[in-house]
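# Observations on the three-dimensional arrangement
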Amino acid sequence: MNTNIPGLERAYEILFLAALIFLAIMVILCLIRAIIGPRIADRVVAVNMMGTMVMVMIAILALYLQEGYLVDICIIYAMISFLAVIILTKVYMGVYMESKHQGRRGE
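In this report, the structure presented in the accompanying data block is examined.

A few words on helix 1 (residues 8-36). Taking 1.5 Å of rise per residue, the 29 residues of helix 1 would be expected to cover 42 Å, and the 42 Å separating its terminal C-alpha atoms lies within 8% of that figure. Of the residues making up helix 1, those classed as buried are Phe16, Leu20, Leu23, Val27, Cys30 and Ala34. Those residues of helix 1 that are buried lie in contact with helix 2 (40-65).

The following block contains the structure:
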């Protein structure tokens, strides 16, 4: 970022680093939520949140490092994350429907 205000570059660097550290902590907390559950819906939402936060982290890194190709990586990661959540939801819905169907069969 080419600015003529002295000290503004350093302020941006500190802001970007603080945001990256905060997001890294939040990703770790979401990972814990994805592991302990207790429900499958909690796990799917936690995985979706982790994907979203990683995308934001990549976008911040693109600004911090001033590299344009990182934005392309961010877009690709967004598509992959979206597909992963859709597939997880379909798999868990299939497992849920199968267990529900098995429960009715046993009655």
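On we go.
A few words now on the pattern of salt bridges. Enumeration over the complete set of coordinates arrives at two salt bridges. Between Glu13 and Arg10 there is a salt bridge; the shortest N-O distance is 3.2 Å. With a gap of three residues between them, Glu13 and Arg10 both fall in helix 1, about one helical turn apart. In this structure, the salt-bridge partner of Arg39 is Asp42, at a minimum N-O distance of 3.4 Å. We classify Arg39 as exposed; its relative accessible area is 56%. A residue is classified by how much of its surface remains accessible, and Asp42, at 18% relative accessible area, is buried.

What counts, and at which threshold
Residues numbered from 1 in each chain as written. Predicted model: local features only at pLDDT ≥ 70, side-chain atom pairs only at ≥ 80, totals over all residues. Heavy atoms only, no water. Helix = DSSP H or I, 4+ residues; strand = E, 2+ residues; numbered from the N terminus. Expected span 1.5 Å × (residues − 1). Buried < 20%, exposed > 50% of the residue type's maximum accessible area, 1.4 Å probe, protein only. Contact = heavy atoms within 4.5 Å. Salt bridge = Lys/Arg side-chain N within 4 Å of Asp/Glu carboxyl O.

Purely spatial values, then, with no claim about function.
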